[in-house]
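Understanding the architecture of this molecule
Here is how the chains run, residue by residue.
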Amino acid sequence: MNLTEARMQKARGRLEQMKAAGETITQEHNLVKKANANPGSKAKAIAAMCYQCFGGTEEELPDAGWKEEIRGCTSPACALYQHRPYR
Ligand code: SF4
């Protein structure tokens, strides 16, 4: 299992935990939903891309530490690196 698959598996597990606890994924939690609701915002689009980089989708959350993972991103060659959220 590669890193992306492992992260997707964690995200699915987190989603199942939220569903079992009766929680719903709201726009507040989901950066893809936020970007889709604000199509003119470049900042929200960048944040959504970073969110997706750690396994998040419109339906699935990344693992619990996704904000810290984006903050600590180790890919300075990425074109979004200087613009990523949570720095
Ligand atoms: S800046 Fe980092 S977290 Fe954001 S898209 Fe690029 S590699 Fe992924």
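Residues numbered from 1 in each chain as written. Predicted model: local features only at pLDDT ≥ 70, side-chain atom pairs only at ≥ 80, totals over all residues. Heavy atoms only, no water.

1. Section: the site of the ligand
Lining the immediate surroundings of the ligand are Cys-50, Cys-53, Phe-54, Cys-73, Ser-75, Cys-78, Leu-80 and Tyr-81. In the shell around the ligand, the residues fall into seven nonpolar, one polar and no charged. (Near = heavy atom within 4 Å. Nonpolar A, V, L, I, M, F, W, Y, C, P; charged D, E, K, R; others polar.)

2. A short note on the layout of surface pockets
Put simply, the largest pocket is a space of about 200 Å³. Lining the largest pocket are 14 residues, with Cys-53, Phe-54, Cys-73, Ser-75 and Cys-78 sitting closest to its centre. Looking at the lining of the largest pocket, the elements that each hand over two or more residues are helix H3 (42-53) and helix H4 (66-71). Residue contributions to the lining of the largest pocket peak at three residues, all from H3. In terms of residue class, the lining of the largest pocket is made up of nine nonpolar, three polar and two charged. (1 Å grid on protein atoms, 1.4 Å probe; cavity = no way out; pocket = protein on both sides within 12 Å on 5 of 7 lines; lining within 4 Å. Points joined across faces, edges and corners; volume = space filled by probe spheres on them. Helix = DSSP H or I, 4+ residues; strand = E, 2+ residues; numbered from the N terminus.)

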